[in-house]
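The residues making up each chain are set out below.
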Amino acid sequence: MAALTAKKLKNTYKDLLQVSNSNSGIDGTLRAVEDGEGTTGALSMSSTVVGVLDGAVGAPGIEFKDDPDNGLYRIGANNWGLAVAGALAIELDPIGAIQMPLQPMVSAFNTVTDSNVTGNGTTATIDFNSELKDQNNDFTGDTMTFPVDGQYLVTVQVRVSGITNSGTHATLTLVTSNRYWYRFTADALPASTSVFQISAIVDADATDTMTVTLAGAGEASDVWDIFGYAGSTETYITISLLA
């Protein structure tokens, strides 16, 4: 080490780091890293472990220098999280389960029957007026606006009543910006009530949209009702970002 000259001892050694002030150096005990005056930093060290402060969601214990509200922080015992832009994006809880509170996910259903909306070829947009969950606030007015590029699992069930013996077929469609996804039912429709279902892994780009439509045919007029009831989820949609 070069000779230290023309400086006071305090000023010379202030910027030199030490592991605590025990004069034990780095051993098996976890000690705080301090400067030459004993000011404790956020880092601790031993011969086997490097420790950091818990931090918080807005100021993680391990953060990026140029993006300080992004990183890892300790929530509680056996519980830590990944913060993105100062918000909890991924949480590992004490049982090892992974939760993603910002991951796009929708669960919604229809609570009020929409009467006489199709049956004679009219294309009806399905109403999902009650949200059970809209984790990223992407579903509004029966329309999903996809927040990021990705593959989304979509499942839909529509209960229809008012079908007569004249009803011949129905087409349930996921109408997305990129393409249409069809479920065509050409079998003999049961009189009165039927349930139509469709599921698909939908490719979407950020800001693309999706609605769900049903077109029934064969009736003399639009006599089919889209069933809705507040006490049960019989006409519903779920959407989850997979990848």
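Residues numbered from 1 in each chain as written. Predicted model: local features only at pLDDT ≥ 70, side-chain atom pairs only at ≥ 80, totals over all residues. Heavy atoms only, no water.

Q: Can you lay out the sheet that holds strand β9 (residues 79–84) for me, pointing to particular residues and giving the numbers?
A: The strand order across the open sheet formed by five strands is β7-β8-β9-β10-β11, and the pairing between neighbours is antiparallel. A single partner strand is all that each edge strand has here, and the edge strands are β7 (62–64) and β11 (98–99). By the bridge criterion, five bridges tie strand β8 (residues 67–76) to β9 in an arrangement that is antiparallel. Paired with Tyr 73 across the bridge in β9 is Gly 81. (Pairing = 2+ DSSP bridges. Helix = DSSP H or I, 4+ residues; strand = E, 2+ residues; numbered from the N terminus.)

Q: Which residues make up unusual backbone geometry, and what values go with them?
A: Positive phi outside glycine occurs at Asn 116, with the angle close to 55°. Mapped onto the secondary structure, Asn 116 falls in strand β13 (residues 112–118). In the Ramachandran plot, Asp 142 falls in the positive-phi region, its phi being about 70° despite a non-glycine side chain.

Q: Account for the packing of aromatic side chains, with residues named and values stated.
A: Tallied over the full model, the rule gives four aromatic pairs. With a centroid separation of 6.1 Å and 70° between ring planes, the pair formed by Tyr 180 and Tyr 182 is classed as edge-to-face. Note that Arg 159 overlies the ring of Phe 227, its terminal NZ or CZ placed 4.2 Å from the centroid. (Phe/Tyr/Trp six-rings, centres within 6.5 Å; stacked < 30°, edge-to-face > 60°. Lys NZ or Arg CZ within 6 Å of the ring centre and 35° of its normal.)

Q: Give a detailed account of the confidence of the model for the chain, specifying residues and quantitative values.
A: Within the chain, residue pLDDT values average 90, and 92% of them lie at 70 or more. Below pLDDT 50 for its whole length, residues 1–9 participates in four contacts with residues either more than four positions away or in separate chains. (pLDDT = per-residue confidence, 0-100. Contact = heavy atoms within 4.5 Å.)

Q: Go over the side chain of Asp 142 with me, naming the residues and quoting the values.
A: Within the secondary structure layout, Asp 142 lies in the loop between β16 (139–140) and β17 (143–145). Put simply, Asp 142 is tucked away with no salt bridge, and the nearest opposite charge, on Arg 159, sits 18 Å away. A polar contact is formed between the side chain of Asp 142 and the backbone nitrogen of Phe 128, at a distance of 2.8 Å. Each residue touching Asp 142, except ones within four places of it in the same chain, is listed here: Ile 126, Asp 127, Phe 128, Asn 129, Met 210 and Thr 211. (Buried < 20%, exposed > 50% of the residue type's maximum accessible area, 1.4 Å probe, protein only. Lys, Arg positive; Asp, Glu negative; His and termini not counted. Salt bridge = Lys/Arg side-chain N within 4 Å of Asp/Glu carboxyl O. Polar contact = N/O pair within 3.5 Å; in protein donor to acceptor, adjacent residues only side chain to side chain.)

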